[in-house]
Amino acid sequence: MSNRTGQALYKRAKTIIPGGTQLLSKRPEMFLPENWPAYYQRARGAQVWDLDGNMYYDMTHNGVGACVLGAADPDVEEAVIAAVKAGSMSTLNPPEEVELAELLCELHPWAEMVRFGRCGGEAMAIAVRIARACTGRDKVAFCGYHGWHDWYLAANLAEDHALDGHLLPGLQPAGVPRGLMGTALPFHYNHLDELEAIVNQHGRELAAVVMEPIRNIEPVPGFLEGVRRVCDRIGAVLVIDEISAGFRLTTGGAHLVYGLEPDMAVFAKAMSNGYPMAAIIGKREVMEAAQSTFISSTYWTERVGPAAALATIRKHRRCNVPQHLQRIGQMVRDGWRVAAERAGLPIQIGGMVPMSHFAIDGEQSQIAITLFTQLMLEKGFLAGRAFYATYAHQEQIVEGYLQATEEAFSAIARGLERGTMGEMLKGPVAHTGFARLN
Ligand SMILES: Cc1ncc(COP(=O)(O)O)c(C=O)c1O
């Protein structure tokens, strides 16, 4: 069956929506320019149907990491429908938000207070505002990606306009006030020496150190403890971004697994399985600073988000979802490795087991991954360089995916050998995204 309807709609979208989509990672060009199905009619579990009714297994991001239980999870759906029927908005507040705050503090015993937002980047901006309000300082040291807001994109402002954007390629800071230059100071994960260098120069001007607990690589011994010590020494707030890492390794933040005690942690995405919800949890003395500034928004008071989060977290805990994610993630990684060995294709595998990715080595790496996506799509899989495991991925689905992967890897290896990969592609090569400061 053809899958052209989505591409036709995407052409219209680009004439009326700048960039075509609301999220860089959902641009069809990031996967398979001119041939990605682009839009979905419906999604359930690990399955998604495009506008022409083709069904695919989602072996990519599953809602960019949001659908940790799988799309349209029935338990979350039931809670959301009940919230909708009870009225999602009113002059009064939804009681679910108090229940959710208590549950998050129960899961993270170091945390005593909670604020809510609805999106990840927004919640990070709230956390940074609270940290700045709490310390009365402006500067932030960070590593990793934390969203689109000014406090973060300021890292990409340079004294020379021509160099704007050089630090995090793909994230352009036009429109970010130049006055913020020098307020977001980058260091690399696992490089305590780089953080120490920032502290030597800016020490008591630092409001916060902001980072993910883990992303692509394991923390080296002493790194997380070192970051904690630095924050204690200079009185900076340690903000841990759990927007992607949270609810993958355990029910709650990955920092729990690594024994790291932050001052604030931020959740979104997987916490509510596809319904907008975000939480900023923290120690009382830090969180109370939210009262000394203005942080307030109408739709932060709606009912669906907290209802979805409560249902998601409860199911996550009840069904030991992290164990499933680990098993499925490991199965996929092992399958990639075996398929690559059989095909003689050099690949590198990275990421947390439940959020794994691979890269095909060599100069033609981007062509090769585009071809992989094309070949897999033809076999009924949404697939690319990354796989985010969900509770809905059963072994049978993974087995089918790995069988198709073996065939795709050997076709790519043949194409590489014969120099015919370009001809095998039915459209342009996929675009690369932005670079994280890992
Ligand atoms: C670690 C991290 N922080 C922040 C964000 C931004 O979250 P959102 O896209 O919900 O604004 C993301 C999204 O990919 C993320 O992975």
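Structure: see above.
Residues numbered from 1 in each chain as written. Predicted model: local features only at pLDDT ≥ 70, side-chain atom pairs only at ≥ 80, totals over all residues. Heavy atoms only, no water.

Asks: What should I look at first to understand the pairing of strand 7 (residues 206-211) in this one?
Replies: Side-chain positions along a regular strand alternate between the two faces of the sheet. Within strand 7, six of the six residues are buried, leaving the element largely enclosed by the surrounding structure. Inspection of the sheet shows strand 5 (residues 139-142) paired to strand 7 by four bridges, in the parallel sense. The residue bridging lysine 139 from the neighbouring strand is leucine 206, located in strand 7. As paired strands, strand 7 and strand 8 (residues 237-241) are joined by four bridges and run parallel to one another. If you follow methionine 211 over to strand 8, its bridge partner there is isoleucine 240. Once the chain exits strand 7 it traverses helix 7 (residues 223-234) before rejoining the sheet at strand 8, and the crossover so formed is right-handed. (Buried < 20%, exposed > 50% of the residue type's maximum accessible area, 1.4 Å probe, protein only. Helix = DSSP H or I, 4+ residues; strand = E, 2+ residues; numbered from the N terminus. Pairing = 2+ DSSP bridges. Right-handed = clockwise from strand over helix to strand, strands pointing away.)

Asks: What is the right way to read the sheet that holds strand 4 (residues 113-117) from this model?
Replies: Within a sheet, adjacent strands bond to each other through the backbone by hydrogen bonds, running parallel or antiparallel. Read from one edge of the open sheet, seven strands run 4-10-9-8-7-5-6, paired in mixed fashion. The open sheet has two free edges, formed respectively by strand 4 and strand 6 (184-186), since each of these has just one partner strand. Sheet twist, expressed as the average angle between the axes of neighbouring strands with direction ignored, equals 20°. Lying on the sheet, helix 6 (residues 192-202) is in contact with strand 5, strand 6 and strand 7; it crosses strand 7 at an angle near 165°. (Axes fitted to C-alpha atoms, helices over the stretch in contact; angles between N-to-C directions. Contact = heavy atoms within 4.5 Å.)

Asks: Looking at this structure, I do not really get the sheet that holds strand 1 (residues 40-44). What am I missing?
Replies: Spatially, 1-2-3-13 is the arrangement adopted by the four strands of the open sheet, whose pairing is mixed. In this open sheet, the two strands that pair with only one neighbour each are strand 1 and strand 13 (381-383). The mean inter-strand angle of the sheet, taken between neighbouring strand axes irrespective of direction, is 30°. The sheet contact formed by strand 3 (residues 55-59) and strand 13 spans three bridges and is parallel. Its bridge partner lying in strand 13, tyrosine 57 is registered against phenylalanine 381.

Asks: So what exactly am I meant to see when it comes to the environment of glutamate 378 here?
Replies: Its place among the elements puts glutamate 378 in helix 12 (residues 365-378). For the pair glutamate 378 and alanine 404, spaced 26 residues apart in sequence, the C-alpha to C-alpha distance is 9.8 Å. Polar side-chain contacts of glutamate 378 include one of 2.7 Å to the side chain of lysine 426. (Polar contact = N/O pair within 3.5 Å; in protein donor to acceptor, adjacent residues only side chain to side chain.)

Asks: Even after reading the chapter, I still don't get helix 11 (residues 321-343), so can you show me in this structure?
Replies: In an α-helix there are 3.6 residues to a turn, and that puts residues three or four apart on one side. The end-to-end C-alpha distance of helix 11, which contains 23 residues, comes to 33 Å, matching closely the 33 Å that a straight helix rising 1.5 Å per residue would cover. Glycine 344 sits one or two positions beyond helix 11 and adopts a positive phi of about 70°. (Expected span 1.5 Å × (residues − 1).)

Asks: For this particular structure, what's the right way to read the side chain of serine 272?
Replies: Of note, serine 272 is situated in the loop between strand 9 (264-267) and strand 10 (278-282). Setting aside anything within four residues of it in sequence, one finds serine 272 in contact with Val76, Met277, Gly305, Ala308, Ala309 and Thr312.

Asks: How do you make sense of the site of the ligand when you look at a structure like this?
Replies: For the ligand, the full set of nearby residues is Gly120, Gly121, Tyr145, His146, Glu212, Arg215, Asp241, Ile243, Ser244 and Lys269. Between the ligand and the protein, one listed contact pairs an oxygen atom with a backbone N or O atom of glycine 121 at 2.7 Å. One of the side-chain nitrogen or oxygen atoms of serine 244 is found 2.7 Å away from an oxygen atom of the ligand. Contact with the protein chains hides 86% of the accessible area of the ligand, taken as 390 Å² for the molecule alone. Looking at side-chain class alone, the shell around the ligand contains two nonpolar, four polar and four charged residues. (Near = heavy atom within 4 Å. Areas by Shrake-Rupley, 256 points an atom, 1.4 Å probe, with all protein chains shown as cover. Nonpolar A, V, L, I, M, F, W, Y, C, P; charged D, E, K, R; others polar.)

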